[in-house]
There are 4 protein chains.
Amino acid sequence: MSADKKYILTISCPDHTGIVAQVSSFLADQDAFITESAHFGDPVSDRFFMRTVFTPGPYTPDAFELAKKFSRVAERFQMVWGIHDAKRKQRLLIMVSKFDHCLNDLLYRYRTGELNADIPAIVSNHPDLERLAEWHDIPFYHMPVSKENKDEQEEQVWDLIENLEIDLVVLARYMQILSPRMCERLRGRCINIHHSFLPSFKGANPYRQAHERGVKLIGATAHYVTGDLDEGPIIEQAVERVDHTYTPDKLKAVGRDIENGVLSRAVRAHVEHRVLMNGLKTVVLK
Amino acid sequence: MSADKKYILTISCPDHTGIVAQVSSFLADQDAFITESAHFGDPVSDRFFMRTVFTPGPYTPDAFELAKKFSRVAERFQMVWGIHDAKRKQRLLIMVSKFDHCLNDLLYRYRTGELNADIPAIVSNHPDLERLAEWHDIPFYHMPVSKENKDEQEEQVWDLIENLEIDLVVLARYMQILSPRMCERLRGRCINIHHSFLPSFKGANPYRQAHERGVKLIGATAHYVTGDLDEGPIIEQAVERVDHTYTPDKLKAVGRDIENGVLSRAVRAHVEHRVLMNGLKTVVLK
Amino acid sequence: MSADKKYILTISCPDHTGIVAQVSSFLADQDAFITESAHFGDPVSDRFFMRTVFTPGPYTPDAFELAKKFSRVAERFQMVWGIHDAKRKQRLLIMVSKFDHCLNDLLYRYRTGELNADIPAIVSNHPDLERLAEWHDIPFYHMPVSKENKDEQEEQVWDLIENLEIDLVVLARYMQILSPRMCERLRGRCINIHHSFLPSFKGANPYRQAHERGVKLIGATAHYVTGDLDEGPIIEQAVERVDHTYTPDKLKAVGRDIENGVLSRAVRAHVEHRVLMNGLKTVVLK
Amino acid sequence: MSADKKYILTISCPDHTGIVAQVSSFLADQDAFITESAHFGDPVSDRFFMRTVFTPGPYTPDAFELAKKFSRVAERFQMVWGIHDAKRKQRLLIMVSKFDHCLNDLLYRYRTGELNADIPAIVSNHPDLERLAEWHDIPFYHMPVSKENKDEQEEQVWDLIENLEIDLVVLARYMQILSPRMCERLRGRCINIHHSFLPSFKGANPYRQAHERGVKLIGATAHYVTGDLDEGPIIEQAVERVDHTYTPDKLKAVGRDIENGVLSRAVRAHVEHRVLMNGLKTVVLK
């Protein structure tokens, strides 16, 4: 293996004595050098989660061979696992509606390389953000959606996802609810930004709800999309202090910055293979 | 009036042209010197809120006369108002159960003078915290409560509130729900600390609920007590970042510090006459 | 005066009894309706600061007449004051070098109208960010600077400032030190973003300094530019938590987001006439 | 080894391929079950840091034997290492002057068991806090210090440290500078709380310095004490937002809460063996 390669091994399995030892010995035996590693044993679910970054040495077999060898270790511990090429950019499809702040923020981070990702497509049910996409040289697909054509539109989106070999769908204020079928197809690889500190203020108009309740902090939540609206596993949240002088509009303006930060951190954690599922919750390994 | 006196004028009324001018002219005419002032006009409820701190000058009449004169201004604008002696310590009754962190924190701030308050009584349905009260030389009333004696016990508490001329009741993790009658009697002068970021995780065991939902921040909320459980006007909130490694017990430990900070800030804002009611919300004037 | 007008009155003067009364009575007498007001008396410098937003009524004279009348009040109290048209957009000149994050962020907020400002010019000593300026339809001036041409280049910049009637110069990571003469000319209307929590890590390479010292938080500071490098009056600061795993590069990436937030909040406070000078410090009125 | 035992292994050494594998294999071979583990390879200093918590199994040798066996691994990698009994409470000596907030906070956390520590002595150069010590049943040593008796007093303190087998000295606002000799003796086991966000505002009166500079955030820093005043390795820092209305006294009041939080988190990290030295910096392993 060439020296400038880097891999990320992710593992999730029932907790047991000796897993760390087995995995790290395996890697040492394959002449791999661990540069980062984090793990967590959940005493409640009794499951073990691990993320290990390693660089191959002169005697490390190639990725295919390595995976084949590792599968023997994996089987013994009933692991759900993956060996990911850390240098391969994840392929994102971003879905938007008319709000552009999250898109603008993600594109900035994409452009600076802060986000280890390619963005082969932006999909929107409105034409408004086409010019922004263009400026970043990203193909923009205008796919209007209505009650009548929803199934059909989702099939179009799905075709795009398959044809472009998309790894992750990002709902960057898409403002549409995906069908249960679509949620199922995208399980674990579709991130939504909800503009409230969930589980507070589910559903529509969270900033108005927040204003009416008179909360002293407002927030945003990035979560995986599931069929259960606003109940998917939470990846990242943040809040900012507000007070009685904030109108719903000013809450929205503050909220935009929170949403940007939360969504971009969630996407980054996902593309760096840091997020592992633990039932209805996530383990985000540093 | 003597030069070392200081007063706080609080006002709430329908919004109108000229209120600030009228009030500040009135004070200037009475030879009073404004040292602090804050106001807020809510464009939604169309109500005006004001808090003004002033020191009397040589020609300022005494408090009683001043109030009599001000009542003419107040009537014209349909003001709910008060002139409070800023140097008079508010009298608090603290109610606790077995958890001692909020009590310990409040007593420390009381002792250092950070809280402009006297604490003539601590009431508990358990005897556990008597020694802590004793050390601070504060009378401790053990008033056990059960389904059977609840009405009676509340009457005892009420008698204490009346006899000791209590200004504010603080439920410092009291863990009991007050009767609607008691809530009504204490409207606007009873603060509770709820150990979650409301409206998330109402009701019992919020830290367990937070753990189950997998939130990435936990919080606490100080609010006025109303008959509508966990729905009273919010005074102050705060959160801290947590992650998947936090067990419910560790959440509780982090939560203790948040609760302490939130409750003490809410109590301080109240005793400094900074909190005004705006329907089901509060205006907290800096 | 037409009903959709809005003015901001700012005042700074020696503290005295009756200022608030005089000012608010004056406005009431002129049929003006105060919608926002904040003031602060500094017990240390013994100076008084005020910001009042008002809308004119049917009998309010026009701005010129109003100012003339107010100047009599102002004289009595030795006020430094201004009456600003709240709807007039402030004119910003943004100066950049090669880093684009602050520029990108400011332009986004400019485009959404979150920043009440026009940006008639972007000046840079490098050509790199021309395309970004172009996309936002803002004239880009490439004005290279060297030891030899520094005076001359600053004169070019100054001409631009005068010709374009610039209100505020924003150094959005300009990376050049302005001459004392230029600092003097721009006193109180040139904001710089320094990429550390001042007074920590003054001078060059603050992220490397922060990494070497092993601090657990990094920050950014927006301040008015003065001849005394990194010592100008601070307008806004913020920090984020970091740890031992952060390389200087990762600190920079985190720092970018902090810088964006801090600089945009400082610029917004300035263009909304919220920032008043108090010696070497600022008063930022909410 | 008995099943309710728990150990913490800490390691610091030059970075190398295979360390994690060697250590985890060693523990697996000794029938130990890893419950927590964190490590970090610093690419700058090229050093490796590790903290592993494990419970012994039926075939794990006793601690003495285990350490003997491990020393062979340790030697090969030039490790600085330790195997610590996680259930053994660390023994703290707290040194104070007249300020009681940090002491009060530490004692509260000690009493609730949140701090895994015993406190066999409190030393002060003033008698003021004796009653607080007494209430917590902790011996209080009044050891006045002056220019004349400084060496002698430090010897007394040192004797106490030796006789009571103190693990960690906590300067909880002790307000005295330890001699270079004392700093050397306590290297790596003496934590000080400095009431500013270092490296800002070193030396005396940091709140007054902060007030004069007009910073918008104030902070506190917990660090190991070295002969180089206020330059010791930083363990933990935090800040809070302030504004122009904060007098030096109000800054102090806000600062007390920050100091409490920062110092208690630093002490907890130390007694849980999470803090490892990396030159003049710390690695704090989660």
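Remember, it's a predicted structure, so these values are computed and weren't measured experimentally.

## A closer look at the UniProt feature "active site" (unreviewed entry) in chain A
Consideration 1: When the UniProt feature table is mapped onto this chain numbering, "active site" (unreviewed entry) sits at A:Asp230.
Consideration 2: Topologically, A:Asp230 is positioned in the loop between strand S10 (217–224) and strand S11 (234–241).
Consideration 3: Its relative accessible area of 6% is what places A:Asp230 among the buried residues.
Consideration 4: Setting aside anything within four residues of it in sequence, one finds A:Asp230 in contact with A:His194, A:Leu198, A:Lys202, A:Gly203, A:His223 and B:Arg213.
Consideration 5: A distance of 3.4 Å separates polar atoms of two side chains, one belonging to A:Asp230 and the other to A:His194.

## Comments concerning the confidence of the model for chain A
A low pLDDT means the predicted coordinates there should not be read in detail.
Consideration 1: Averaged over chain A, the pLDDT score is 95; the fraction of residues at 70 or greater is 99%.
Consideration 2: Of the two predicted TM-score estimates for the complex, the pTM is 0.94 and the ipTM is 0.93.

## Considering the interface of chain B and chain C
Consideration 1: Taken together, the contacts link 15 residues of chain B with 15 residues of chain C.
Consideration 2: Looking only at chain B, the three residues that lose the most surface to chain C are B:Thr17, B:Phe33 and B:His39, adding up to 36% of its buried area.
Consideration 3: If you look at where chain B meets chain C, you find 0 salt bridges.
Consideration 4: Along the contact surface separating chain B from chain C lie 2 residue pairs in polar contact (both at pLDDT 80 or more).
Consideration 5: Listed by contribution, the elements that provide at least two residues to the side of chain B that touches chain C are helix H1 (19–29) and strand S2 (33–42) of chain B.
Consideration 6: In the side of chain B that touches chain C, the residues fall into 6 nonpolar, 7 polar and 2 charged.

## Quick notes on the environment of B:Ile218
All names here are of chain B.
Consideration 1: Checked against the element boundaries, isoleucine 218 lands in strand S10 (residues 217–224).
Consideration 2: For the pair isoleucine 218 and glutamate 240, spaced 22 residues apart in sequence, the C-alpha separation works out to 5.6 Å.
Consideration 3: Here isoleucine 218 is in contact with Tyr207, Ala210, Ala238, Val239, Glu240, Val242, Leu251, Val254, Gly255 and Ile258, once residues within four sequence places are set aside.

## Considering the sheet that holds S11(A)
All names here are of chain A.
Consideration 1: As summarised here, the arrangement of the 7 strands in space is S7-S6-S5-S8-S9-S10-S11, forming an open sheet in which the pairing is mixed. Whereas interior strands pair on both sides, the edge strands pair on one side only; in this sheet they are strand S7 (140–142) and S11. Pairwise comparison of adjacent strand axes, ignoring direction, gives a mean angle of 20° for this sheet.

## A look at the relation of the copies chain B and chain A
Consideration 1: Mapping chain B onto chain A calls for a screw motion: a turn of 180° about the axis and a shift of 0.0 Å along it, with 0.0 Å RMSD after fitting. Considering both components of the superposition, the chain copies are consistent with a two-fold axis. Minimal C-alpha distance to the rotation axis in chain B is attained by B:Ser200, lying at 2.4 Å.
Consideration 2: Looking at chain B, 97% of its interface residues are interface residues in chain A too, so the copies touch through the same face.

## Considerations on the relation of the copies chain B and chain C
For the pair of chain copies, the relating transformation is a rotation about an axis with a translation along it.
Consideration 1: Aligned on chain C, chain B shows an RMSD of 0.0 Å; the corresponding rotation is 180° and the shift along the axis is 0.0 Å.
Consideration 2: Most of the interface of chain B is mirrored in chain C, where 100% of its interface residues again form contacts.

## Remarks on unusual backbone geometry
Consideration 1: Residue B:Leu198 is joined to B:Pro199 through a cis peptide bond whose omega torsion reads 5°.
Consideration 2: Residue position: B:Pro199 is located in the loop between strand S9 (190–194) and helix H7 (206–213).
Consideration 3: At A:Asp31, a position not held by glycine, the phi torsion is positive, near 70°.
Consideration 4: Relative to the elements of secondary structure, A:Asp31 occurs in the loop between helix H1 (19–29) and strand S2 (33–42).
Consideration 5: Phi is positive for B:Asn205, which is not a glycine, with a value near 55°.
Consideration 6: Considering the arrangement of structural elements, one finds B:Asn205 in the loop between S9 and H7.
Consideration 7: Its relative accessible area of 39% is what places B:Asn205 among the partly exposed residues.

Thresholds, definitions, all that
- Residues numbered from 1 in each chain as written.
- Chains lettered and ligands numbered in written order.
- Predicted model: local features only at pLDDT ≥ 70, side-chain atom pairs only at ≥ 80, totals over all residues.
- Heavy atoms only, no water.
- UniProt positions renumbered as here; feature names shortened; annotations may be inferred.
- Helix = DSSP H or I, 4+ residues; strand = E, 2+ residues; numbered from the N terminus.
- Buried < 20%, exposed > 50% of the residue type's maximum accessible area, 1.4 Å probe, protein only.
- Contact = heavy atoms within 4.5 Å.
- Polar contact = N/O pair within 3.5 Å; in protein donor to acceptor, adjacent residues only side chain to side chain.
- pLDDT = per-residue confidence, 0-100.
- Buried area = accessible area lost by both parts, 1.4 Å probe.
- Salt bridge = Lys/Arg side-chain N within 4 Å of Asp/Glu carboxyl O.
- Nonpolar A, V, L, I, M, F, W, Y, C, P; charged D, E, K, R; others polar.
- Pairing = 2+ DSSP bridges.
- Axes fitted to C-alpha atoms, helices over the stretch in contact; angles between N-to-C directions.
- Least-squares fit on C-alpha atoms with pLDDT ≥ 70 in both.

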